[in-house]
Amino acid sequence: VQLQASGGGLVQAEDSLRLTCAASGRNLRNYVMSWFRQTPGKEREFVAAIKGTGGETRYADSIKGRFTISRDNAKNMVSLQMHSLKPEDTAVYYCAAGTAISSSMSRQQSYNYWGQGTLVTVSS
């Protein structure tokens, strides 16, 4: 399984940006898909996750209400729509796929496959 994240870039505060993650090698309809992010010197942190059916989602408190995760199982893709971006959202964003259960969707250890990351920079 390969995950390819894209859509990152340089934006200004309050702008919007949409990240996408395309999977290949296997259809991931039965996998939980997620986004994590990492800044230099900090641990990777959970952002959002969505179950295979798309019916259950999880969000980090820091982005709740601003970011929306969605998936298209037919296209084997997951997206992260980000609104009202803040400078503290600046990070490398990684998509991941795994077989997490509901209680572990925010844990890195729940994910077997990771993309290479896409950089989001938000200027003030």
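Our subject in this report is the structure included herewith. (Residues numbered from 1 in each chain as written. Predicted model: local features only at pLDDT ≥ 70, side-chain atom pairs only at ≥ 80, totals over all residues. Heavy atoms only, no water.)

1. Side note on the overall build of the protein chain
Then, number 1: Looking only at helices and strands, the protein chain features 0 helices and 11 strands.
Then, number 2: Counting from the amino terminus, the protein chain carries its helices and strands in the arrangement β-β-β-β-β-β-β-β-β-β-β.
Then, number 3: Relative to the compact-globule value of 14 Å for 124 residues, the protein chain shows a C-alpha radius of gyration of 13 Å, a close match.
Then, number 4: With the principal axes as the frame, the protein chain shows a C-alpha extent of 40 × 25 × 25 Å.
Then, number 5: Summarising the internal contacts of the protein chain: among those between residues at least 6 apart in sequence, 59% fall at separations of at least 24.
Then, number 6: Counting every atom, the protein chain has about 6300 Å² of accessible surface; 45% of that belongs to carbon and sulfur. (Helix = DSSP H or I, 4+ residues; strand = E, 2+ residues; numbered from the N terminus. Rg over C-alpha atoms; globule rule 2.2 N^0.38 Å. Contact = heavy atoms within 4.5 Å. Areas by Shrake-Rupley, 256 points an atom, 1.4 Å probe, with all protein chains shown as cover.)

2. A closer look at the sheet that holds strand S7 (residues 67-72)
Then, number 1: Overall, antiparallel pairing links the 4 strands, which are arranged S1-S3-S8-S7 in an open sheet. The open sheet terminates on both sides in strands that have one partner only, identified here as strand S1 (2-6) and S7. Direction aside, neighbouring strands of the sheet carry axes that sit 15° apart on average.
Then, number 2: Relative to strand S8 (residues 77-82), S7 runs antiparallel, the two being bridged by 6 bridges. Following the sheet pairing, Ser 70 is matched in S8 by Ser 79. (Pairing = 2+ DSSP bridges. Axes fitted to C-alpha atoms, helices over the stretch in contact; angles between N-to-C directions.)

3. Regarding the environment of Leu 17
Then, number 1: By the element assignment, Leu 17 lies in strand S3 (residues 17-24).
Then, number 2: By relative accessible area, which is 15% here, Leu 17 ends up buried.
Then, number 3: C-alpha separation for the pair Leu 17 and Lys 86, spaced 69 residues apart in sequence, amounts to 11 Å.
Then, number 4: Not counting residues within four places of it along the chain, the set of residues in contact with Leu 17 comprises Gly 7, Gly 8, Gly 9, Val 11, Leu 80, Gln 81, Met 82, Leu 85 and Val 120. (Buried < 20%, exposed > 50% of the residue type's maximum accessible area, 1.4 Å probe, protein only.)

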